[in-house]
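What the coordinates show
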Amino acid sequence: MAGGKLVIKNIGLILSGMVERPLLDGDCLVAEGGIIAAVGRAQDLDWENAETVIDARGTTLAPGLIDSHVHPVIGDYTPRQQQINWIDSCLHGGVTTMISAGEVHAPGRPKDIVGLKAMAIAAQRWYENFRPSGVKMLAGAPVIEDGMEEQDFKDLAAAGVKLLGEVGLGSVKAGDKAKRMVAWARKHGIQSTIHTGGPSIPGSGLIDKDVVLEADADIIGHINGGHTALPDSQITCLCEQCKRGIEIVHNGNERAGLLAMRTAFELKEPQRVILGTDAPAGSGVQPLGILRMIAMLSSLGSVAPEIVFCFATGNTARMRGLNSGLIEKGRAADFVFIDRAQHAPGKDMLASIAEGNLPGVGMTVIDGVVRSQRSRNTPPAEMVPELVKAPPAAPGGGH
Ligand SMILES: [Zn+2]
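Reference entry: report on the structure contained in this document. (Residues numbered from 1 in each chain as written. Predicted model: local features only at pLDDT ≥ 70, side-chain atom pairs only at ≥ 80, totals over all residues. Heavy atoms only, no water.)

Describing the nonpolar core
Leu65, Met98, Ile223, Leu275, Ile294 and Leu297 are the most contacted members of the largest nonpolar core, which has 78 residues in total. Once residues within four sequence positions are removed from consideration, Leu275 is found in contact with Ile66, Asp67, Ser68, Ile248, Ile290, Met293, Ile294, Leu297, Phe311 and Ala312. Ile8, Ile36, Ile54 and Ala56 belong to the second largest nonpolar core, which has 17 residues in total. (Core = buried A, V, L, I, M, F, W, Y, C linked by side-chain atoms within 4.5 Å. Buried < 20%, exposed > 50% of the residue type's maximum accessible area, 1.4 Å probe, protein only. Contact = heavy atoms within 4.5 Å.)

Structure, rendered in structure tokens:
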């Protein structure tokens with residue numbers, strides 16, 4: 001599937017995804033076999049004999065966005081809001097990787113231990129075998145339940161499960177029990193996240209700061225609530241005392257999200273901030289949710305947009321050990337091309353975002369392959385890249 005040689009020319013601006021150096025110099029990028037081979041000035045790079053050539057036409061190249069918190073079930077369908085093609089819609093919002101926080105919306109989801117393990121393994125497989133519209137869906141995230149033993153985590157890890165669903169959505173809600181299971185998961189290479197805040201829907205429960213601190217999961221899942229946030233004092237306390245990832249979601253409390261981000265800056269730890277949508281949820285599917293979070297945090301929080309982009313790209317990739325999310329040699333060629341939306345104020349694209357507007361998406365690329373062109377969901381970009389040369393279409397029926 002990964003493309004041959006891809007050359008992107010006439011890039012106007014490069015967002016690196018690196019919070020320590022968010023803008024890169026250069027106007028050209030070369031990828032081979034779906035991996036970034038070089039980035040810099042065209043005159044210094046070998047851009048000949050490419051199978052795919054994109055003229056960026058002065059638009060901005062950024063790493064494909066990573067949604068750190070979604071709840072997929074199967075294929076490109078969500079039973080939660082009875083929608084199909086929601087993942088494709090998010091691709092049109094610039095998202096190229098999604099991370100499951102649990103396949104919790106599966107009707108009749110098994111809660112017995114052998115059943116929950118079987119479902120997690122199956123979900124990991126079906127999204128590894130089938131990427132909706134090319135989007136990388138990292139799924140197979142079991143929700144831990146009472147009675148699980150270390151051997152269960154060992155079995156899950158051996159079967160390829162790398163994530164836990166939100167701790168607290170199952171029967172394990174006490175800090176001490178959660179702590180033991182999170183530690184078993186970590187020991188076997190499984191990353192964990194915890195539901196933070198009030199209950200999301202009838203039947204789920206409150207997870208407060210004491211439980212989050214004791215459980216010590218790798219990610220403080222939706223620190224701004226999903227939907228209901230903890231009191232401000234508990235949010236700042238979590239940022240200060242729990243040195244794990246600070247995840248802010250679209251489906252949460254926006255004011256609390258701003259508080260968490262500002263606290264991370266006060267602690268001089270902006271590298272801990274990552275973004276998600278929590279979609280699908282009671283508030284629906286949010287195809288532009290990550291772009292909306294970027295515009296909201298940048299404009300209301302007065303943070304340069306190129307820094308906020310790192311929260312949805314490089315920060316998440318580094319925290320979760322992904323090879324995408326950064327414009328750097330050796331990383332996956334997963335990109336989004338963006339430009340100022342037509343008629344948006346601001347002297348350029350970044351200025352328009354700093355004023356709270358969304359950029360327009362002009363193209364996405366995953367593993368060096370063009371997956372979408374002018375977005376059907378964002379406001380129209382002023383300029384969009386042009387696919388100058390494309391490889392011959394693959395023969396049909398290749399499922
Ligand atoms: Zn949650």
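Describing the sheet that holds strand E14 (residues 219–220)
Taking strand neighbours across the sheet as the criterion, the four strands line up as E13-E14-E15-E16 in an open arrangement whose pairing is parallel. One side of each edge strand has no neighbouring strand; the edge strands of this open sheet are strand E13 (193–194) and strand E16 (273–276). In the sheet, E14 pairs with strand E15 (residues 245–249) via two bridges, with the strands oriented parallel. Counted as the bridge partner of Ile219 is Gly245 from E15. Taken strand by strand, helix H7 (residues 254–266) contacts E15 and E16, and its axis lies near 150° from that of E15. (Pairing = 2+ DSSP bridges. Helix = DSSP H or I, 4+ residues; strand = E, 2+ residues; numbered from the N terminus. Axes fitted to C-alpha atoms, helices over the stretch in contact; angles between N-to-C directions.)

A short note on helix H3 (residues 150–158)
Listed as buried for H3 are Asp152, Phe153 and Leu156. Taken end-on, H3 shows its buried residues confined to a sector of 95°, consistent with a single buried face. Close packing links the buried residues of H3 with helix H2 (113–129) and helix H4 (175–187). Of the residues trailing H3, Gly160 is marked for its positive phi of about 105°. (Arc of directions from axis to C-beta.)

Observations concerning the pairing of E16
Here E16 shows no split at all, with Val273 and Leu275 on one side and Ile274 and Gly276 on the other all buried. By the bridge criterion, four bridges tie E15 to E16 in an arrangement that is parallel. The residue of E16 that forms the bridge with Val249 is Gly276. In this fold, the crossover linking E15 to E16 by way of H7 has right-handed handedness. (Right-handed = clockwise from strand over helix to strand, strands pointing away.)

Re the packing of aromatic side chains
According to the stated counting rule, one finds two aromatic pairs in the structure shown. Judged by centre distance (6.3 Å) and plane angle (50°), the ring pair of Phe265 and Phe311 falls under tilted. Of this pair, Phe265 sits in helix H7 while Phe311 sits in helix H9 (residues 305–311), and the two are 46 residues apart along the sequence. Classification of Phe311 as buried rests on a relative accessible area of 0%. Directly above the aromatic system of Trp47 lies the positively charged group of Lys9, at a separation of 3.6 Å from the ring centroid. (Phe/Tyr/Trp six-rings, centres within 6.5 Å; stacked < 30°, edge-to-face > 60°. Lys NZ or Arg CZ within 6 Å of the ring centre and 35° of its normal.)

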